[in-house]
Amino acid sequence: KKEKVDLMHFPHFNVPLRYNKKYIVTIHDLIIDHFPDSRATNLPKWQYSLKLKGYKRIMKHAVAKANKIIVPSEFGKVDLVSLYQVPQEKISVIYEGYFLDKTQAESEISRFNIDKPYLLYVGSAYPHKNLDKLLEVFNKLNKQNKYQLVFVGEVDEFYRKLQKKVNNSNVIFTGYVSESELKTLYQNSLIYVFPSLYEGFGLPPLEAQAHSVPVISSNKSCLVEILKDSVIYFDPNNESDMFDKIDMLLSDKNLREELIVKGLENIKAYSWNKMVNETNILYKK
């Protein structure tokens, strides 16, 4: 009110309840609606229950009063219409981009105790990321100790829960890494695995493709829309399917090389500059 803005853009769902002037809101995903799971919080059950009620109230207000809503995928649009009965014409799909670090990669990654070809995952360890299943599949896949599985992400309570299920040196948790270290971890990985049950857009597989890494991914939510035919897909709820597809990719060098080429072509459809330009056009409209 003090600044007398003509149009406010809230890039997150938590629009102040008393704000009723002209605004656009970005809804990145509806993960909380699909996974209102006590495993996804460190709060006591009663506090989490109150938080969920608050979330619902804020979300309903945010989408009802918005002049326009931005979502990062067609899947996100359909999801929003289905769960919150938002008119389709109110929603604009604007794809996000990916980040390719321009700094020099680290020369080696020995501090992480990586000494075998490795499967890579980058991101958080929330329950919907489905890392428990990936860990189970990897343990069955790696009976001969040929590979390592590397999890990259700040070690929080969710990663600590996952660490408690690990009892071998072939599973590595790097913790938080620098951009140059992350670049090296991408570039030296054999394959990138993304077992998520739900995403609004799915940034890490695109980052992997930008670093010339073959990607194998869940076939859920928006991922088929964003990654198209540039990856191998598996059913993240089907352990045997995940096992078979990962095993196939690890065993087939030609397929990995084919996916690298397809991945580099796929990422051409996405950039932050394109997102900025499309968002600016929406402001002017």
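Model, not experiment: these values are computed from the prediction. For every chain, the first residue of its written sequence is number 1, and the numbers climb from 1 along that sequence. Totals for whole chains, interfaces and linings use every residue, but because this is a predicted model, local features are given only for residues with pLDDT of at least 70 and side-chain atom pairs only at 80 or more, for both listing and counting. Only hydrogens and water are removed before side-chain values are computed, so all heavy atoms of the structure are retained for them.

### Focus on empty space enclosed by the protein
- Lining residues are those with an atom within 4 Å of a point, where the points come from a 1 Å grid over the protein atoms alone and group into cavities, where a 1.4 Å probe fits but cannot get out, or pockets, open sets with protein on both sides within 12 Å along at least five of seven lines. Grid points are joined across faces, edges and corners, and a volume is the space filled by probe spheres set on the points. Across all of its chains, the model carries one cavity of 30 Å³ or more by this definition.
- The calculated volume of the largest cavity comes to roughly 30 Å³.
- Residue lining of the largest cavity: Ile27, His28, Asp29, Leu30, Val71, Pro72, Gly76 and Leu80, and that is the complete set.
- Polarity classes work like this: nonpolar for Ala, Val, Leu, Ile, Met, Phe, Trp, Tyr, Cys and Pro, charged for Asp, Glu, Lys and Arg, and polar for all others, with Gly in that last group. Taken together, the residues of the lining of the largest cavity sort by class into five nonpolar, two polar and one charged.

### Overview of the sheet that holds strand β7 (residues 171-173)
- At least two bridges found by DSSP between two strands are what make those strands a pair. Numbering of helices and strands runs from the N terminus; a helix is a DSSP stretch of H or I covering at least four residues, while a strand is a stretch of E covering at least two. Across the sheet, six strands lie side by side as β7-β6-β5-β8-β9-β10; this open sheet has parallel pairing. This sheet does not close on itself; its edge strands, each paired only once, are β7 and β10 (232-234). Across the sheet, the mean angle separating the axes of adjacent strands is 25° when strand polarity is ignored.
- Both strand β9 (residues 215-218) and β10 contribute to a ladder of three bridges, which runs parallel. Among the inter-strand pairings, Ser218 is bridged to a residue of β10, identified as Phe234.
- The contact rule is simple, with two residues in contact once any of their heavy atoms fall within 4.5 Å. All axes here are fitted lines through C-alpha atoms, helices being fitted over the stretch that makes contact, and every angle between N-to-C directions spans 0 to 180 degrees. Here helix α4 (residues 131-141) sits on the sheet in contact with β5 (118-122), β6 (148-152), β7 and β8 (191-194), set at roughly 165° to β6.
- Contacts from helix α9 (residues 239-251) reach β5, β8, β9 and β10, with the element oriented near 160° to β10.

### Quick notes on the sheet that holds strand β1 (residues 8-10)
- Reading across from one edge, β1-β2-β3-β4 is the order of the four strands in this open sheet, with parallel pairing throughout. Each edge of the open sheet carries a strand with a single partner, namely β1 and β4 (91-93). Sheet twist, expressed as the mean angle between neighbouring strand axes with direction ignored, is 20°.
- The pairing of β1 with strand β2 (residues 23-26) spans three bridges and is classified as parallel. Opposite His9, over in β2, you have Ile24 as the bridge partner.
- Lying over the sheet, helix α3 (residues 74-84) contacts β3 (68-71) and β4, oriented at roughly 160° with respect to β4.

### Quick notes on the side chain of Asn266
- One can find Asn266 in helix α10 (residues 253-266).
- Given the relative accessible area of 8%, Asn266 is considered buried.
- Setting aside residues up to four positions removed in sequence, Asn266 forms contacts with Leu206, Gln209, Ile226, Leu227, Lys228 and Ser230. Residue burial is assigned from relative accessible area. The probe radius is 1.4 Å, only protein chains are included, and a residue is buried under 20% of its type maximum, exposed over 50%, and partly exposed in between.

Any functional reading would require information beyond the geometric quantities listed.
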